[in-house]
Amino acid sequence: MFETILVPLDGSALSERALHYAEVLSRLAGARMVLMRAVPMEQGLSPDALDYNRVLTHRAQDYLTSFVDRARADGLAAESLVWSDEAADAIRKAAAAKDADIIVMSTHGRGGLARVVWGSVADRLMRQTPTPVLLVPRDAETHWINDSSFRLILPLDGSALAEQAIGPARDLAEALGAGIVLVQALEPIVWLSAENGWGPYSGEIDKAVKRRSRAYLAGVAQPLIDAGVDVRLHLGEGNAPSVIRAAAREHHAAGIVMATHGRGGVNRAVMGSVADALLRTARLPLLMVHPAAVQLEPEATEPAPELTTAGPVIPLSMTAEELELTKMALRKVLKGHEGDTARLGHDLLARLEQIEEWTAVSGPGAAWRASSN
């Protein structure tokens, strides 16, 4: 359960968007909020440096006090914390010092939080802290209301890493009084091997994959149902980011919960680069879980049945250099673009990175999946 919520602020209106979600969670869970600000101090003991540090500390404290006073006036438990360090280190250390159960922060801001979440600060934070981080996109369209019905999306791909998000998803669902939608993406699969060339699975195997996936989700659902959580299952055909977004729309979700590898920050999600694609395109808060205690182990032979796009399949082979060049070109083209075309581009980039990760784990003679959409 959530007892302590850490909310990093940097003085910008964008960073303060996270307060809304922290306050609702605080009220529903009965948790205290720790509102913090990172203040990199001048080094040295000269009078000028000491005076400068005192001014910075007082300004930061005054800034935080205004929000603490407002929260207390609304009946919430809140306190302030000024931490002398760079933003990512300050947040990580503050979370440990205050024994925070969750960090709630905006994906944009100024100063220490100047870059987008898949950039510097949150990327470092996701690699360094075991504390789940609720990331609020700048363009979040879903607001949490105290007496509303919540539903959370939990994408799973059958891996032990992805399943590390189940516990935090259950905790958040219990705190919010929310239901959980277990989501798995299904895809037409093609084989690429040096011996056999390209060839699609038959429809019979596709049906078997669907049955196996539904049985897997049902197995995950049962302990949650036994714990009193309202659980729904959602199987979708297509690449993972688009299936997750579609599930969120269909079920009117208030958030997404998923795990990350931790070895490459939010850019390396359990399901390839799915988290990165969602952070760029989704309009929902994302609770990111760092499964530090789980080791990534290669699958034996058969790729997981969930992560590319339904539709006509176009066989395509690339060298490692060509794959990297394609990814670089996509990132350059997508920079600064939004809308459906940008979402499609980010999904394609996610699948290319999935292929790269799968090849790295299974070797160049392994089976790939690819599609035209």
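Residues numbered from 1 in each chain as written. Predicted model: local features only at pLDDT ≥ 70, side-chain atom pairs only at ≥ 80, totals over all residues. Heavy atoms only, no water.

**Thoughts on the sheet that holds strand E1 (residues 4-8)**
(1) Moving on: Within the open sheet, the 10 strands sit side by side as E3-E2-E1-E4-E5-E12-E11-E6-E7-E10. Their pairing is mixed. The sheet terminates laterally at strand E3 (78-83) and strand E10 (231-237), the two strands that pair on one side only. Direction aside, neighbouring strands of the sheet carry axes that sit 25° apart on average.
(2) Moving on: Bridge count for E1 against strand E2 (residues 32-38) is 5 bridges, and the pairing is parallel. Among the inter-strand pairings, isoleucine 5 is bridged to a residue of E2, identified as methionine 33.
(3) Moving on: Sitting on the sheet, helix H6 (residues 166-176) touches strand E6 (151-155), strand E7 (179-186), strand E11 (255-259) and strand E12 (286-289), and the angle it makes with E6 is about 175°.
(4) Moving on: The strands touched by helix H8 (residues 240-250) are E6, E7, E10 and E11; relative to E7, the strand with the most contacts, the crossing angle is about 145°. (Pairing = 2+ DSSP bridges. Helix = DSSP H or I, 4+ residues; strand = E, 2+ residues; numbered from the N terminus. Axes fitted to C-alpha atoms, helices over the stretch in contact; angles between N-to-C directions. Contact = heavy atoms within 4.5 Å.)

**A word on the side chain of threonine 4**
(1) Moving on: For threonine 4, the location among the structural elements is in strand E1.
(2) Moving on: A polar contact of 3.1 Å, which involves the side chain of threonine 4, links it to the side chain of arginine 32.
(3) Moving on: Non-local contacts of threonine 4, meaning those with residues more than four positions away in its chain, are made with Ala31, Arg32, Val34, Lys98, Asp99, Ala100, Asp101 and Ile102. (Polar contact = N/O pair within 3.5 Å; in protein donor to acceptor, adjacent residues only side chain to side chain.)

**Considerations on the pairing of E2**
(1) Moving on: Assessed by its sense of winding, the connection that carries the chain from E1 through helix H1 (residues 17-29) to E2 is right-handed.
(2) Moving on: As defined by bridge partners, E2 adjoins E3 across 6 bridges and the pair is classed as parallel. Counterpart to methionine 33 in the pairing with E3 is alanine 78. (Right-handed = clockwise from strand over helix to strand, strands pointing away.)

**A closer look at H6**
(1) Moving on: Among the 11 residues of H6, 8 are classified as buried, and the element is accordingly described as predominantly covered.
(2) Moving on: Of the positions making up H6, those classed as buried are Ile166, Gly167, Pro168, Ala169, Leu172, Ala173, Ala175 and Leu176. (Buried < 20%, exposed > 50% of the residue type's maximum accessible area, 1.4 Å probe, protein only.)

**Overview of the packing of aromatic side chains**
(1) Moving on: In this structure the tally under the stated criterion is 3 aromatic pairs.
(2) Moving on: Ring geometry for tyrosine 21 against tryptophan 144: centres 5.2 Å apart, planes inclined by 85°, an arrangement best described as edge-to-face. Of this pair, tyrosine 21 sits in helix H1 while tryptophan 144 sits in the loop between strand E5 (133-136) and E6, placing them 123 residues apart in sequence.
(3) Moving on: Geometrically, the ring pair formed by tyrosine 63 and phenylalanine 67 is edge-to-face, given 5.2 Å between the ring centres and 80° between the ring planes. Here phenylalanine 67 and tyrosine 63 lie together in helix H2 (residues 47-73), a separation of 4 residues that amounts to about one turn.
(4) Moving on: An aromatic cluster is present here, built from Tyr21, Trp144 and Phe150 joined pairwise through their rings.
(5) Moving on: Between arginine 37 and the ring centre of tyrosine 63, over which it is positioned, the NZ or CZ distance is 4.9 Å. (Phe/Tyr/Trp six-rings, centres within 6.5 Å; stacked < 30°, edge-to-face > 60°. Lys NZ or Arg CZ within 6 Å of the ring centre and 35° of its normal.)

**Focus on the nonpolar core**
(1) Moving on: Core analysis: the largest hydrophobic core is formed by 52 residues, its most contacted members being Ile5, Leu35, Val104, Leu154, Leu182 and Val257.
(2) Moving on: What valine 257 contacts, discounting residues up to four positions off in sequence, is Leu152, Ile153, Leu154, Pro155, Ala165, Ala169, Leu172, Leu287 and Val289.
(3) Moving on: Ranked by size, the runner-up nonpolar core spans 38 residues in total, among them Ala94, Ala185, Ala253 and Val274. (Core = buried A, V, L, I, M, F, W, Y, C linked by side-chain atoms within 4.5 Å.)

**Quick notes on the packing of H1 against H6**
(1) Moving on: Packing of H1 against H6 leaves a shortest axis separation of 8 Å and a crossing angle of 75°. Put simply, H1 runs roughly perpendicular to H6. Contact residues: H1 offers Leu25, Leu28 and Ala29, while H6 offers Leu172, Ala175 and Leu176.
(2) Moving on: Class assignment for the residues of the contact of H1 with H6 results in 6 nonpolar, no polar and no charged. (Parallel < 35°, antiparallel > 145°, perpendicular 65-115°, else oblique. Nonpolar A, V, L, I, M, F, W, Y, C, P; charged D, E, K, R; others polar.)

**Comments concerning the confidence of the model for the protein**
(1) Moving on: On average, residues of the protein score 77 in pLDDT, and 70% of them are at 70 or above.
(2) Moving on: Per-element mean pLDDT across the protein ranges from 49 in strand E8 (residues 190-193) up to 96 in E1.
(3) Moving on: Contacts of residues 293-313 to residues separated by more than four positions or lying in other chains number 68 contacts, the stretch itself having pLDDT below 50.
(4) Moving on: Segment residues 361-373 is flagged for pLDDT under 50; beyond a separation of four residues in sequence, or across chains, it makes 43 contacts in the model. (pLDDT = per-residue confidence, 0-100.)

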